[in-house]
Amino acid sequence: MGLLAYSGITTKVRAMESRLLTAEEFRQLAEQEDVRSAADYLKQQPAYAEVFAGLDDTKLHRGYIEQILTQSEYRDFTKLYRFSSVKQRKFLDLYFRHYEVEVLKKLLRHMLGGREGQPDLSVFQEFFEKHSNLDLEALCKAKNLAEFTDALGKSAYGDLLRQLLDKGQTSLFDCELQLDLFYFQSLWKARTKILSKAERKILDACYGSRLDILNIQWIFRARSFYRLSPAQIYALLIPVHYRLRAETVKQLVEAEDDAKFFAVLKETPYGKLDAGDAGQVPDVQLLSKQILDQIYGKTGRRYPHSPAVLDSYLYFKEQEMRKIVTALEGIRYGISAPEIMGLIAKQ
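Calculation criteria
Residues numbered from 1 in each chain as written. Predicted model: local features only at pLDDT ≥ 70, side-chain atom pairs only at ≥ 80, totals over all residues. Heavy atoms only, no water. Salt bridge = Lys/Arg side-chain N within 4 Å of Asp/Glu carboxyl O. Helix = DSSP H or I, 4+ residues; strand = E, 2+ residues; numbered from the N terminus. Buried < 20%, exposed > 50% of the residue type's maximum accessible area, 1.4 Å probe, protein only. Phe/Tyr/Trp six-rings, centres within 6.5 Å; stacked < 30°, edge-to-face > 60°. Lys NZ or Arg CZ within 6 Å of the ring centre and 35° of its normal. Patch = residues over 30% accessible without salt bridge, like charges linked within 9 Å, V, L, I, M, F, W, Y side chains within 5 Å. Areas by Shrake-Rupley, 256 points an atom, 1.4 Å probe, with all protein chains shown as cover. Arc of directions from axis to C-beta. Lys, Arg positive; Asp, Glu negative; His and termini not counted. Charge placed at Lys NZ, Arg CZ, Asp CG, Glu CD. Core = buried A, V, L, I, M, F, W, Y, C linked by side-chain atoms within 4.5 Å. Contact = heavy atoms within 4.5 Å.

(A) Seen up close, the pattern of salt bridges. For the structure shown, the criterion picks out 20 salt bridges. A salt bridge links K105 to E102, with the shortest nitrogen-to-oxygen separation between them at 3.3 Å. In this pair, K105 and E102 both sit in helix α6 (residues 86–112), three residues apart, roughly one turn of the helix. Residue classification places K105 among the buried positions, given a relative accessible area of 7%. A salt bridge links R162 to D159; the nearest nitrogen and oxygen atoms lie 3.2 Å apart. Here R162 pairs with D159, and both are found in helix α10 (residues 156–167), just three residues apart, close to one helical turn. A residue is classified by how much of its surface remains accessible, and R162, at 29% relative accessible area, is partly exposed. Because the salt bridges share partners, they merge into one network encompassing E24, R27 and E31.

The structure is reproduced here in structure tokens:
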């Protein structure tokens, strides 16, 4: 697929993978006595030494730590981008939309959640100036959804939120859901323009499965937590079917109870892994994680000379960010190291 084209970037990725935290290093992190000690421990790790070097001891709250970790994730993306060819950068440009959507959702949570003051995105400014047309400063100043939408201008995100405003669908749930739907649908559509047929076949295993799994998660939550009607659930779903047939989706949505839902799910390619104790309702979040970890790990190893090597690394880097935040929050609230490791296993 491109041994010569990908040999350099593959070597770079393998070097960066070697700096991801091991299970033993996570155990050592979980055993730290307080957040300050945990931050010092992370500072000793090659992947985090630079971003934690200037850590402000007076700002060890969750939001600040998440900013520092996100900065690490962005730096890794930037390293890969600088090292990539023109063709590889097209894939990374497509992947970057994920970061845009996550920042928009973060800002919407701050604004619609009624939090005071402007969110501080200064650590992200340089990164977004290079890869995005979003005006972060204007978005941070927005006091309501109408101003936020105006700050997005004529972008696709602005058009999307204007449609929600016209329909009166202005809740945080509506905005986040539509942003997620937009991202995954545009990703699925755009991939045909930048990837070869062989590359699409490889990455569809990741993207297609991810879309299927998101639909499974949304169906389960909509049924079990929000008690939505089948018609309401169908409106939430991504209109893409990879290995989850339309008829199976219908059976999941219209299952009479959770037992029937999981009986249907077990007959799909996504129901084969164990995600709970015998006789208990499976953990959908854990099941989803197990499946995606398996898929991304396999594609990254089997197809090192394709965009899969980039996609796999960025996936596991993001997983590592979540695990670190979970560990730090566990330490903050005095949870034991074994319990923290149990929580990390679900991230």
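(B) Molecular detail of the packing of aromatic side chains. Here the structure, examined in full by the defined rule, presents 25 aromatic pairs. Ring centres of Y99 and F127 lie 5.9 Å apart, and the angle between their planes is 70 degrees; on these two criteria the pair is classed as edge-to-face. Residue Y99 is located in helix α6, and its partner F127 is located in helix α7 (residues 122–131); the two are separated by 28 residues in the primary sequence. Residue classification places F127 among the buried residues on the basis of a relative accessible area of 6%. The ring of F83 carries K12 above its face, with NZ or CZ at 5.7 Å from the centroid. The ring of W188 has R191 lying over it, and the distance from NZ or CZ to the ring centre is 3.7 Å.

(C) Structural context of unusual backbone geometry. Here the phi dihedral of R227 falls at roughly 55 degrees; this positive angle occurs in a residue that is not glycine. Among the structural elements, R227 can be located in the loop between α12 (197–224) and α13 (230–236).

(D) Examining a nonpolar patch on the surface more closely. Where nonpolar side chains cluster on the molecular surface, the patch consists of F173, F225 and Y226 and spans about 370 Å² of accessible area. Take F173: it is sitting in helix α11 (residues 172–194).

(E) Structural view of α7. Taken residue by residue, α7 has F124, F127, F128 and H131 as its buried positions. The arc enclosing the buried residues of α7, seen along the axis, measures out at 100 degrees, which places them on a common side. Turned more than 90 degrees off the buried face of α7, the exposed positions are E126 and E129.

(F) Representation of a positive patch on the surface. Where like charges cluster on the molecular surface, the positive patch consists of R243, K298, R301 and R302. With respect to the helices, strands and loops of the structure, R243 is situated in the loop between α13 and α14 (246–253).

(G) Layout of the nonpolar core. The biggest cluster of nonpolar side chains holds 86 residues, and the ones touching the most others in it are F77, L80, Y99, F128, F148 and F261. Ignoring sequence-local partners within four residues, the contact set of F77 consists of L92, Y95, F96, Y99, F127, H131 and L314. Core analysis: the second largest hydrophobic core is formed by 28 residues, Y48, Y64, L328 and I340 among them.

In short, the description is geometric, and any link to function would need to be established separately.
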